[in-house]
Amino acid sequence: MLVESDNHVKDSLDLLSKSWSIDPEVYDLHLGKRNDVADTVIEVNGVVFHIPTLADDNLYVLWKCIWPDCHNCCERQGRLPLTKDDIKIIAKKMGYVSESEFIKTETRFSSWEKQEPLDKVITTLTMLSLKRNSNEREEQDGTPLKCRFLDDRGYCGIHPDKPGVCWLYPFASWIESDKQKAVIHATFQLTGDCPGFYASKTLDPIKPVLNEYSEKIYDYNMAVSRTTRENYSSINIIDLQRI
Ligand code: SF4
Ligand code: SF4
């Protein structure tokens, strides 16, 4: 699973705990305090999911979205990177005739690093991101901001035309090459901002969720590939094993 810096996650979890009850095992997992975390791998519709498993307690950490009771991911949105498809769809939704005008007015570049759990590489991604508010500044990239499209009832003002990343959260996904074949992997982002994680003795409750998200994750990765291929974004990879 992808875990952000412990301090940031602790602050987010403590904030979350004021409104939601978080299983103690889930809380500790977020903070990297469990030494017994194993990886349960489930392949669904061509996507390889990695489910955190707490071996000592014989528990899986699963997730379900509890919207509309919760809309914390939109209250504390860190970054909204856009695929080429997102740009086209959202520009139209926001009433822009010209995509270049939309890009100039509503987006900015963001750049961030990812280190995938199964790989010894650091990937730096640079993509156009949708501004979360019209005054968003460069130094706010990656820090939580309330998204301007969230309304008072917890609805998204540009749904269903919201960015692909909004459909994916809290999954993170990446592509790895296996025997010259591209394989899509997915796991949870444990940022401390989502109260939907829970400990379970069985994997059964997550199976319909994985089925639903496998399609979204597959389509999103294809859209990111097209975006990179057409130079709307760039990816720089550093192989730590070769340094
Ligand atoms: S994904 Fe998590 S944070 Fe977002 S609405 Fe669902 S439960 Fe809340
Ligand atoms: S675009 Fe919509 S779904 Fe995405 S963060 Fe904003 S309000 Fe939430």
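Remember, it's a predicted structure, so these values are computed and weren't measured experimentally.

Asker: Explanation requested: the overall build of the protein chain in the structure shown.
Answerer: What the protein chain contains, in helices and strands, is 7 helices and 10 strands. When the 243 residues of the protein chain are sorted by exposure, 45% land in the buried category. A fraction of 65% describes how many contacts in the protein chain between residues 6 or more apart in sequence connect residues 24 or more apart. Carbon together with sulfur atoms contributes 49% to the accessible area of the protein chain, which is approximately 13100 Å² in total.

Asker: What should I look at first to understand the pairing of strand β8 (residues 181-190) in this one?
Answerer: Consecutive side chains along a regular strand alternate between the two faces of the sheet. Taking burial as the measure, the 10 residues of β8 include 7 buried ones, the bulk of the element. Relative to β8, strand β3 (residues 47-54) is paired through 3 bridges, and the arrangement is parallel. Looking across to β8, one finds that Phe-49 is bridged to Ala-186. Direction of pairing for strand β7 (residues 171-178) relative to β8: antiparallel, over a ladder of 8 bridges. Within the sheet, the bridge partner assigned to Glu-176 lies in β8 and is Val-183. Between the end of β7 and the start of β8, which pair antiparallel, lie 2 residues, with Lys-179 showing a positive phi angle near 50°.

Asker: How should the site of ligand 1 be read in this particular structure?
Answerer: Taken together, Trp-63, Cys-65, Ile-66, Trp-67, Cys-70, His-71, Asn-72, Cys-73, Tyr-169, Asp-193, Cys-194 and Pro-195 form the complete shell of residues around ligand 1. When grouped by side-chain class, the residues that make up the shell around ligand 1 number 9 nonpolar, 2 polar and 1 charged.

Asker: Even after reading the chapter, I still don't get the environment of Lys-114, so can you show me in this structure?
Answerer: Relative to the helices and strands, Lys-114 is located in strand β5 (residues 107-115). Placed 10 residues apart in sequence, Lys-114 and Thr-124 show a C-alpha to C-alpha distance of 6.4 Å.

Asker: Looking at this structure, I do not really get the pattern of salt bridges. What am I missing?
Answerer: Evaluation of the coordinates by the stated rule reveals 17 salt bridges. When the shortest N-O distance is used, the salt bridge between Asp-57 and Arg-34 registers 2.8 Å. In this pair, Asp-57 sits in the loop between β3 and β4 (59-63) while Arg-34 sits in the loop between α2 (24-30) and β2 (37-44), placing the two residues 23 residues apart along the sequence. What makes Asp-57 partly exposed here is its relative accessible area of 30%.

Asker: Teacher, can you tell me more about the site of ligand 2 here?
Answerer: In the neighbourhood of ligand 2, the contacting residues comprise Cys-74, Gln-77, Cys-147, Phe-149, Leu-150, Cys-156, Ile-158, Lys-162, Pro-163 and Cys-166. Classifying every residue of the shell around ligand 2 gives 8 nonpolar, 1 polar and 1 charged.

Asker: What exactly am I supposed to notice about helix α7 (residues 207-229) here?
Answerer: Given 3.6 residues per turn, any residue in an α-helix points the same way as the ones three and four places further on. In this model α7 runs 33 Å from its N-terminal to its C-terminal C-alpha over 23 residues, within 8% of the 33 Å that 1.5 Å per residue would give. The sharpest bend along α7 reaches about 30° and sits at Tyr-213. Following α7 by one or two positions, Asn-231 has its phi on the positive side, about 65°.

Asker: Got a minute to help me understand the environment of Asp-86 in this structure?
Answerer: Along the polypeptide, Asp-86 turns up in helix α4 (residues 84-93). The exposure class assigned to Asp-86 is buried, which follows from its relative accessible area of 7%. Sequence separation between Asp-86 and Val-224 is 138 residues; the distance between their C-alpha atoms is 10.0 Å. Here Asp-86 is in contact with Pro-81, Ala-91, Lys-162, Pro-163 and Gly-164, once residues within four sequence places are set aside.

About the criteria used
Residues numbered from 1 in each chain as written. Chains lettered and ligands numbered in written order. Predicted model: local features only at pLDDT ≥ 70, side-chain atom pairs only at ≥ 80, totals over all residues. Heavy atoms only, no water. Helix = DSSP H or I, 4+ residues; strand = E, 2+ residues; numbered from the N terminus. Buried < 20%, exposed > 50% of the residue type's maximum accessible area, 1.4 Å probe, protein only. Contact = heavy atoms within 4.5 Å. Areas by Shrake-Rupley, 256 points an atom, 1.4 Å probe, with all protein chains shown as cover. Pairing = 2+ DSSP bridges. Near = heavy atom within 4 Å. Nonpolar A, V, L, I, M, F, W, Y, C, P; charged D, E, K, R; others polar. Salt bridge = Lys/Arg side-chain N within 4 Å of Asp/Glu carboxyl O. Expected span 1.5 Å × (residues − 1). Bend = angle between axes of the 7 residues up to and from the residue.

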